[in-house]
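Listed here are the chains, written in short residue letters.
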Amino acid sequence: MNSHTPLRSHALRRRTTHAAVAVATGALALGALVPSAGAASGAARPDTIQQRLNAMVSPDHMPGALASVRDQAGHTRTYAAGIGDLATGAKAPRDGEVRIGSVTKTFTATVVLQLVGEGKIRLDDPVETYLPNLLRGQGIDGHHIAVRQLLQHTSGLPDYENDVTDDILQRRYLSPRDTLDIALRHEAVFAPGTSWGYSNTNYLVAGMIVEKVTGRPLAGEVDKRIIKKTGLRHTYLPAPAETTLRGPHPHGYHKNSPNGPLRDVTEIDPSAAWAAGAMISTSSDLTRFFSELMKEGHLLNGPELAQMRTTVPTGAPGYDYGLGIMRTQLSCHKTLWWHNGSIPGYGTWSAATSDGRAASVTMTADPTGPADLQPAEDAVDAALCG
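Rules used throughout
- Residues numbered from 1 in each chain as written.
- Predicted model: local features only at pLDDT ≥ 70, side-chain atom pairs only at ≥ 80, totals over all residues.
- Heavy atoms only, no water.
- Salt bridge = Lys/Arg side-chain N within 4 Å of Asp/Glu carboxyl O.
- Buried < 20%, exposed > 50% of the residue type's maximum accessible area, 1.4 Å probe, protein only.
- Helix = DSSP H or I, 4+ residues; strand = E, 2+ residues; numbered from the N terminus.
- Polar contact = N/O pair within 3.5 Å; in protein donor to acceptor, adjacent residues only side chain to side chain.
- Axes fitted to C-alpha atoms, helices over the stretch in contact; angles between N-to-C directions.
- Parallel < 35°, antiparallel > 145°, perpendicular 65-115°, else oblique.
- Left-handed = near helix turned anticlockwise from the far one by under 90°.
- Contact = heavy atoms within 4.5 Å.
- Expected span 1.5 Å × (residues − 1).
- 1 Å grid on protein atoms, 1.4 Å probe; cavity = no way out; pocket = protein on both sides within 12 Å on 5 of 7 lines; lining within 4 Å.
- Points joined across faces, edges and corners; volume = space filled by probe spheres on them.
- Nonpolar A, V, L, I, M, F, W, Y, C, P; charged D, E, K, R; others polar.
- Pairing = 2+ DSSP bridges.
- Disulfide = S-S within 2.5 Å.
- Phe/Tyr/Trp six-rings, centres within 6.5 Å; stacked < 30°, edge-to-face > 60°.

**Q** How should the pattern of salt bridges be read in this particular structure?
**A** Side chains that carry opposite charge are capable of pairing whenever their charged atoms lie near each other. Overall, the coordinates contain 16 salt bridges when judged by the stated rule. For E292, the salt bridge goes to K295, with nearest N and O atoms at 3.2 Å. The exposure class assigned to K295 is partly exposed, which follows from its relative accessible area of 22%. Across the salt bridge formed by R327 and D320, the nearest N and O atoms sit 2.9 Å from each other. Taking the relative accessible area as the measure of exposure, R327 reaches 26% and is therefore partly exposed. Note on D320: relative accessible area 17%, which makes it buried. Salt bridges sharing common partners tie together E118, K120, R216, E221, K224 and R225.

**Q** Is there a simple way to think about the side chain of T368 in this case?
**A** Position of T368 relative to the elements: it lies in the loop between β15 (358-363) and α11 (370-385). Looking at T368, its side chain comes within polar contact range of the side chain of D372, at 2.8 Å.

**Q** Please clarify how the packing of helix α2 (residues 104-117) against helix α6 (residues 200-214) should be interpreted in this entry.
**A** Angle between the axes and distance between the axes are the two parameters that describe a pair of packed helices. Viewed as axis vectors pointing N to C, α2 and α6 meet at an angle of 40 degrees, and their least axial separation amounts to 10 Å. Overall, the two elements α2 and α6 adopt an arrangement that is oblique. Relative to α6, the crossing made by α2 is left-handed. Contact residues: α2 offers K105, T108, A109, V111, V112 and L115, while α6 offers N200, Y203, A206, G207, V210, V213 and T214.

**Q** What should I look at first to understand α2 in this one?
**A** Residues separated by three or four positions in an α-helix point in the same direction, a consequence of the helix having 3.6 residues per turn. The end-to-end C-alpha separation of α2 is 20 Å, in line with the 20 Å expected for 14 residues at 1.5 Å each. Burial within α2 is extensive, with 13 of its 14 residues counted as buried. Once α2 ends, the next one or two residues include G119, with phi positive near 80 degrees.

**Q** Teacher, can you tell me more about empty space enclosed by the protein here?
**A** Over the atoms a probe the size of a water molecule is rolled, and this reveals where empty space is left. Throughout the structure, instances matching the rule amount to 1 cavity of 30 Å³ or more. Space inside the largest cavity adds up to approximately 40 Å³. In terms of lining, the largest cavity is formed by H61, M62, H254, K255, L262, A365, D366, T368 and D372. Looking at the lining of the largest cavity residue by residue, the classes come out as 3 nonpolar, 3 polar and 3 charged.

**Q** When you look at the sheet that holds strand β3 (residues 90-91) in this model, what are you seeing that I'm missing?
**A** Within a sheet, neighbouring strands are paired by backbone hydrogen bonds and run either parallel or antiparallel to one another. Taken in spatial order, the 9 strands make up an open sheet running β3-β2-β1-β15-β14-β13-β12-β11-β10, and their pairing is antiparallel. Looking at which strands have only one partner, the edges of the open sheet turn out to be β3 and β10 (312-316). With 6 bridges connecting them, strand β14 (residues 346-353) and β15 associate as antiparallel partners. Counted as the bridge partner of T348 is T362 from β15.

**Q** What is the right way to look at the state of the cysteines in this model?
**A** Per the stated rule, a full pass over the model turns up 1 disulfide. For C332, the disulfide goes to C385, at an S-S distance of 2.1 Å. Looking along the S-S bond of the C332-C385 disulfide, the torsion reads about -80 degrees, which is the left-handed sense. Note that C332 is positioned in the loop between β12 (326-329) and β13 (335-343) and C385 in helix α11, a separation of 53 residues in sequence. The class for C332 is partly exposed, based on a relative accessible area of 25%. Take C385: its relative accessible area is 10%, and that puts it in the buried class.

**Q** Is there a simple way to think about the packing of aromatic side chains in this case?
**A** Describing an aromatic ring pair means giving the distance of the ring centres and the angle of the ring planes. All told, the structure shown has 6 aromatic pairs when counted by the stated rule. Ring centres 5.8 Å apart and planes at 45 degrees place the aromatic pair W196 and Y321 in the tilted group. Of this pair, W196 sits in the loop between α5 (176-183) and α6 while Y321 is found in strand β11 (residues 319-321), placing the two residues 125 residues apart along the sequence. A relative accessible area of 7% places W196 in the buried class. On the basis of relative accessibility, which here comes to 0%, the residue Y321 falls in the buried class. Note on F289 and F290: the rings are 5.4 Å apart at their centroids and 80 degrees apart in plane angle, and the pair reads as edge-to-face. Accessibility classification places F289 together with F290 in one group, the buried group.

Given below as C-alpha cells:
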C-alpha cells in the first residue's frame, strides 16, 4: 500500500525507501510508483514489452512478471515472464490474479465519487457528518477533516502500516475498526489541509463512509458499481479472513531484508489493508478499469471525473495527486493517470492516458527499493508512448 514522491509515501510502511523523484514504497502497498524520466519512448511493439518483462525477472530476486496493454479500441494484449511457483518451477500464468495493493484506492475513490454524483456524499462535508465521534485523537478531530482531504491525502491522519505488517504476514484478521484504532494511537502528522502526506488511514475511513451511507458492505458496492458495470472478471475485495486467491495466480514472494531469501507469502490476510489496499485483480481487468475510468460517463460523470483529476502537489515537481489517482507526464509528453501498489508478495503499476489507452504491470515480489520499480515504470511508459 504505498505511493512515491520525495515525501514519505507511506504504504503500510513496513519499510520506507526514498528515491530522488519517487515516493517511498511500502510493504502493504497502497501507494504509487513514480514513472521514470528516462523511460523508453520508442514504439511499443508486443515483443518490446515481452523483452522488458523477460529482463525484469530472476529466480532469486523477482520470480515473475505479468502485464497487459489496452489500446483506444479496447484491444488488449497480455504478457507473462518468469516463474509462477518457485517450488514447482511452473511458469507464471498469463493474466493471473494478483494482489494489487494501493491500486485499490482508485476503486474506493471511484465509489465515493459515484455517491457524490448521487447526492449521498459531499466532498467538502466533514467526516463527522457521516461517522460521528469516530475520528478522535492527538490533533485529530473528524469535525475538521473533509471527505475530499481523505481522498487526496491532505487530512494529516497518521498511517498504520508499520503496526500491521506482521498481522498481514501471520494471517491475523483485523476489522476496519480494529485497524483504525491502531492508527489513532498516533498523533496527527499535520493540520488538515496544510500539507500532503500519503496515509492508508484516509482510505480506511473513506471505505467506512461508503458503508455508512449505503448500508452495504464495501465489497458489494465495488462489485455492483465497478466490477459488474465494467465487465471485470477476476477482480474482487476479499471476504473477511480470506487468505487465498480464488483463480489461477502466480505465487507472491517477500524478502525480510533486501539481501534475504525469497519467502512465499501468497496466502496472507490483507484485511488491515481493506479499502486502502486489499483488492485482487488481473492485468487485463486493471487496464479495462483504468481505460473506462478515463471515459466521461462510463464510471464517473463529467463533474465527478473532473474532481478526481483535480490535483494537489505531492512535493515532487511534476507529480500530483488527485482523488485516488496520480498525474504525471510520460516521456512522450502525454499526461498519465496512474496508481501503484505493493503488498507482501506483489507490486503493481496501473495507468491510463486521457484517451483511454492503458497499461498495467505486476511483479511477483513486493519491491524492496526504487531499483525494483524502474523496469515496471519503463514498461508502462514504453507501452503508452508507442
